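Inside the fold
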Amino acid sequence: MTGVGRAAPPLYGLDIETDTSTDGLDPGVAGILAVALSTEADGDTVFTGSEAAVLRLLDDHLADLEPGVLVTWNGAAFDLPFLADRAVRHRVALGLDLLWDPSAARPGRQPLPGHIGSYVARWWSHGHVDAYRAWRHLTDDPDESCALKAVARREGFEPVEVDRAIIHETPLHTLRRYASSDASLARQLAAHRWGDIRRFVDHLPDGGQLALAFRA
């Protein structure tokens, strides 16, 4: 495996859990139950409670962190635009910039409702890398699953499992542990292969060259 051992900037794993009692994949109807932020230096923080408060606390926390790279797993197509949509709904200003990325289009894959595809992003002073997209490019077997849990197991990590279909019924302490696990796995997997993954960090162009840009 190439790229192991390269020094990485501060990496911050991010994961959201959404309300599956309606349609957890549609930010127009589903709220955010939890947001987890994983850091190597300070451990994991999980925000739960009022959705508007969760969004504000997450944004404030990111604003205070040393500049680094936010690591998501499919966050370019899901977590980040979902957070942006829910912030607009609650009139919460975020330091999140999203730009539509036409190069990430995947035939046959439906985008998040209300969106046209994936994004490149930055949040305050932090870059962003979608480790899922990076892993898909790096895998030698195109049929090999790049789902977070599958990759984590192959790399020797032990993910926390819950029934995602009824995550809205999951006890709060279990929900927090699950979200924390996913955020931590995204961060650790990116660090594990940072020498390879670093080249997939988003680069936002100047001058609005891409077709859609908005600030949540």
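In short, a report on the structure. As the structure is a prediction and not an experimental result, all values here were calculated from the model.

Conventions used here
- All chains use their own residue numbering, which begins from 1 and follows the written sequence.
- Only residues with pLDDT of 70 or above have their local features reported here, since the model is predicted, and side-chain atom pairs are shown and tallied only from 80 upward, although totals for entire chains, interfaces and linings are computed over all residues.
- To get the side-chain values, all heavy atoms of the structure are used, and hydrogens and water are removed first.
- Should DSSP find at least two bridges between two strands, the strands are regarded as paired.
- By definition, any uninterrupted DSSP run of H or I lasting at least four residues is a helix, any uninterrupted run of E lasting at least two residues is a strand, and each is numbered from the N terminus.
- To get an axis, fit a line to the C-alpha atoms, keeping to the stretch in contact for a helix; angles then go from 0 to 180 degrees between the N-to-C directions.
- We call two residues in contact when some of their heavy atoms are within 4.5 Å.
- Think of it in three bands: residues with accessible area under 20% of the maximum for their type are buried, residues over 50% are exposed, and the middle band is partly exposed, with areas taken using a 1.4 Å probe on protein chains only.
- Think of a nonpolar core as a cluster: buried Ala, Val, Leu, Ile, Met, Phe, Trp, Tyr and Cys residues, connected wherever their side-chain atoms sit within 4.5 Å.

**Points about the sheet that holds strand β3 (residues 43-48)**
As summarised here, the arrangement of the 5 strands in space is β3-β2-β1-β4-β7, forming an open sheet in which the pairing is mixed. Strands at the two margins of the open sheet, each flanked by one partner only, are β3 and β7 (127-130). In this sheet, adjacent strand axes meet at a mean angle of 25 degrees when their direction is disregarded. Where strand β2 (residues 32-39) and β3 come together, 6 bridges link them in antiparallel fashion. Within β3, the position partnered with A36 by the bridge is V46. Packing of helix α2 (residues 79-90) onto the sheet brings it into contact with β1 (11-18), β2, β4 (69-72) and β7, and relative to β1 it is tilted by some 65 degrees.

**Details of the environment of R91**
Looking at the element boundaries, R91 is found in the loop between α2 and β5 (96-100). With a relative accessible area of 79%, R91 lands in the exposed category. Sequence-wise, R91 and A52 are 39 residues apart; in three dimensions their C-alpha atoms are separated by 8.3 Å.

**Description of the nonpolar core**
Ranked by size, the top nonpolar core spans 29 residues in total, and within it L14, V35, L58, L70, L80, L83 and W123 carry the most contacts. In this view, L80 contacts L14, L70, G75, L96, L98, A121, W123 and H128; residues no more than four positions away in its chain are not counted. Counting residues in hydrophobic clusters, the runner-up holds 22 residues, among them V69, V71, W73 and Y132.

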